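Coordinates in review
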Amino acid sequence: MTLAFYDTKPYDRDYFGRAANGADFILHHHEFRLTAETVSTAQGADAVCVFVNDRLDRDCLTKLAALGVRLVALRCAGFNNVDRAAAAELRITIVRVPAYSPHAVAEHTVALLMALNRKIHRAYNRVREQNFSLSGLVGFDLHGKTVGIIGTGKIGRVAAQIFRGFGCRVLGYDPHPMDEWAAEHGITYTSVEALLSESDVVSLHLPLTAETHHLLNVASIALMKPGAYLVNTSRGKLVDSAAVIDALKSGHLGGVALDVYEEEEGIFFEDHSGTVLQDDELARLMTFPNVLITAHQAFLTHEALSEITRVTLDSITRFRDGHEPVAERVVA
């Protein structure tokens, strides 16, 4: 079976190459993204494997169908880059990796917050220049603070439990609350409004849907406690970047830690160090001393990459052998 991989990086080629070694797969890796303009490169492939910034719109999917491709395997959990209605009409099966390592993303969430709060990144740069001053490096204890977790799926629940381990009071919001889990771990469900107004730290762990787009906007940020921290390791478009910039400028937000950005396509995962950054909002965010940004790396652990590889190749194998894909992996 011939597989065309798109938007691949060295770690993709390493993990998938080793896993497919000796299996009946021929892998073609492409560094560019799959779009309607590049879809001709899937000629001869039985399936394509894509990532978060590949664009599976109606035009692209129609051309894939014309090439005989009947399976698109997303090596990620999110699928907002896929036209699901078009895929259904064209009888193209879409599979994903619904949960690769909730610990990877949850732990990165806490790492980002701790680095920002305790000014680890600033201290590291100072010490490398033999500046051992502690001025301007004051942080706060997480112990005793209130942390609001918006979205208590697998990642949100792990993050909540880690914060409980720090001795935090944890509030949760989810359209489908898990009351038994919350009671077991001492977590209190409440409304979004109450969570925002009471939390010292707000952490987002939601999928991107029409309802969650710009969940954090001018109005909702205004509800947050003055000086509160915002952490987003979920989906960039959950947050209105312009509203965050205004709240940072006014001092209403105490700090912002991001692993995702709403217009990250074409920027994240690439080296732009020799060019002028064309995204003015991202450039402005990067000027704030109380903002810490990583480039969508929360998933990047050995365990997560191994699970992404295993689940993706298992879904492809099941499809090849005529078996129904595992239900929770199918994008319907």
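The paragraphs below set out a description of the structure included in this document. (Residues numbered from 1 in each chain as written. Predicted model: local features only at pLDDT ≥ 70, side-chain atom pairs only at ≥ 80, totals over all residues. Heavy atoms only, no water.)

Another aspect to go through is the overall build of the protein chain. Within the protein chain, the secondary structure is distributed over 12 helices and 12 strands. Here the C-alpha atoms of the protein chain give a radius of gyration of 21 Å, agreeing with the 20 Å that 2.2 N^0.38 yields for 332 residues. On the principal axes, the C-alpha backbone points of the protein chain span a range of 60 × 50 × 35 Å. When the 332 residues of the protein chain are sorted by exposure, 50% land in the buried category. Residue pairs in contact within the protein chain that sit at least 24 positions apart in sequence constitute 66% of those at least 6 positions apart. Carbon and sulfur atoms provide 52% of the accessible area of the protein chain, an area that totals close to 15500 Å². Of the charged side chains in the protein chain, 31 are positive and 41 negative; the average position of the first set lies 3 Å away from that of the second. (Helix = DSSP H or I, 4+ residues; strand = E, 2+ residues; numbered from the N terminus. Rg over C-alpha atoms; globule rule 2.2 N^0.38 Å. Buried < 20%, exposed > 50% of the residue type's maximum accessible area, 1.4 Å probe, protein only. Contact = heavy atoms within 4.5 Å. Areas by Shrake-Rupley, 256 points an atom, 1.4 Å probe, with all protein chains shown as cover. Lys, Arg positive; Asp, Glu negative; His and termini not counted. Charge placed at Lys NZ, Arg CZ, Asp CG, Glu CD.)

Here the focus is the packing of helix H1 (residues 10–20) against helix H12 (residues 302–320). Describing two packed helices takes the angle between their axes plus the distance from one axis to the other. At their nearest, the axes of H1 and H12 sit 10 Å apart, and the two run at 55 degrees to each other. It follows from the interaxial angle that H1 and H12 lie oblique. In this structure, the crossing between H1 and H12 has a hand that is right-handed. On the side of H1, the interface is formed by Tyr11, Tyr15, Phe16, Ala19 and Ala20, while H12 contributes His302, Leu305, Ser306, Ile308, Thr309, Thr312 and Leu313. (Axes fitted to C-alpha atoms, helices over the stretch in contact; angles between N-to-C directions. Parallel < 35°, antiparallel > 145°, perpendicular 65-115°, else oblique. Left-handed = near helix turned anticlockwise from the far one by under 90°.)

Right, let's get into the state of the cysteines. Per the counting criterion, the structure on display carries 0 disulfides. Cys49 takes part in no disulfide bond, and the closest cysteine sulfur to it belongs to Cys76, at a distance of 8.6 Å. Overall, the relative accessible area of 4% leaves Cys76 in the buried class. (Disulfide = S-S within 2.5 Å.)

This paragraph deals with the pattern of salt bridges. Counted according to the given criterion, the structure contains 16 salt bridges. Residue Glu270 pairs with Lys9 through a salt bridge whose shortest N-O separation is 3.5 Å. A residue pair is termed long-range when its members are at least 10 positions apart, and Glu270 in the loop between strand E11 (253–258) and helix H11 (280–285) and Lys9 in the loop between strand E1 (2–5) and H1 qualify at 261 residues. On the basis of relative accessibility, which here comes to 38%, the residue Glu270 falls in the partly exposed class. Arg13 is paired through a salt bridge with Glu31; the nearest N and O atoms lie 3.8 Å apart. With a gap of 18 residues between them, Arg13 in helix H1 and Glu31 in the loop between strand E2 (26–29) and strand E3 (47–50) connect regions that are remote in the sequence. Overall, the relative accessible area of 28% leaves Arg13 in the partly exposed class. With relative accessibility at 56%, the residue Glu31 sits in the exposed group. Each of the salt bridges in this network shares a partner with another, and the network as a whole consists of Asp7, Lys9, Arg33 and Glu270. (Salt bridge = Lys/Arg side-chain N within 4 Å of Asp/Glu carboxyl O.)

What follows covers the pairing of E11. Counting buried positions over the 6 residues of E11 gives 6, a clear majority of the element. Where strand E10 (residues 228–232) and E11 come together, 5 bridges link them in parallel fashion. Note on E11: the bridge partner recorded for Ala228 is Leu253. Handedness of the E10-helix H10 (residues 241–250)-E11 crossover: right-handed. The pairing of E11 with strand E12 (residues 291–293) spans 3 bridges and is classified as parallel. When the sheet's bridge partners are listed, Val256 is paired in E12 with Val291. Between the parallel elements E11 and E12, the chain passes through H11 in a crossover that is right-handed. (Pairing = 2+ DSSP bridges. Right-handed = clockwise from strand over helix to strand, strands pointing away.)

Turning our attention to the packing of helix H4 (residues 102–117) against helix H6 (residues 154–165). Two numbers describe how H4 lies on H6: the axes approach to 8 Å, and their chain directions differ by 45 degrees. One finds that H4 runs oblique with respect to H6. Classified by chirality, the crossing of H6 by H4 is right-handed. Between H4 and H6, the contacting residues are Pro102, His103, Val105, Ala106, Glu107, Val110 and Leu113 on the first element and Lys154, Ile155, Val158, Ala159, Ile162 and Phe163 on the second.

Moving on, we get to the sheet that holds E11. Here we have 7 strands laid out as an open sheet, ordered E8-E7-E6-E9-E10-E11-E12, and parallel in their pairing. Each edge of the sheet is formed by a strand with only one pairing partner; in this case those strands are strand E8 (187–189) and E12. Strand-to-strand twist of the sheet, defined as the mean angle between neighbouring strand axes without regard to direction, takes the value 20 degrees.

On to the packing of aromatic side chains, then. Under the definition given, this model contains 7 aromatic pairs. Where Phe140 meets Tyr229, the ring centres are 5.3 Å apart and the plane angle is 85 degrees; that geometry is what we call edge-to-face. Here Phe140 is found in the loop between helix H5 (120–128) and strand E6 (146–150), whereas its partner Tyr229 is found in strand E10, with 89 residues between them in sequence. Relative accessible area serves as the criterion here: at 9%, Tyr229 is assigned to the buried category. Through a chain of ring-to-ring contacts, three or more aromatic side chains come together here, namely Tyr11, Phe51, Phe269 and Phe299. Positioned above the aromatic ring of Tyr15, the side-chain terminus of Arg18 is 4.8 Å from the ring centre. (Phe/Tyr/Trp six-rings, centres within 6.5 Å; stacked < 30°, edge-to-face > 60°. Lys NZ or Arg CZ within 6 Å of the ring centre and 35° of its normal.)

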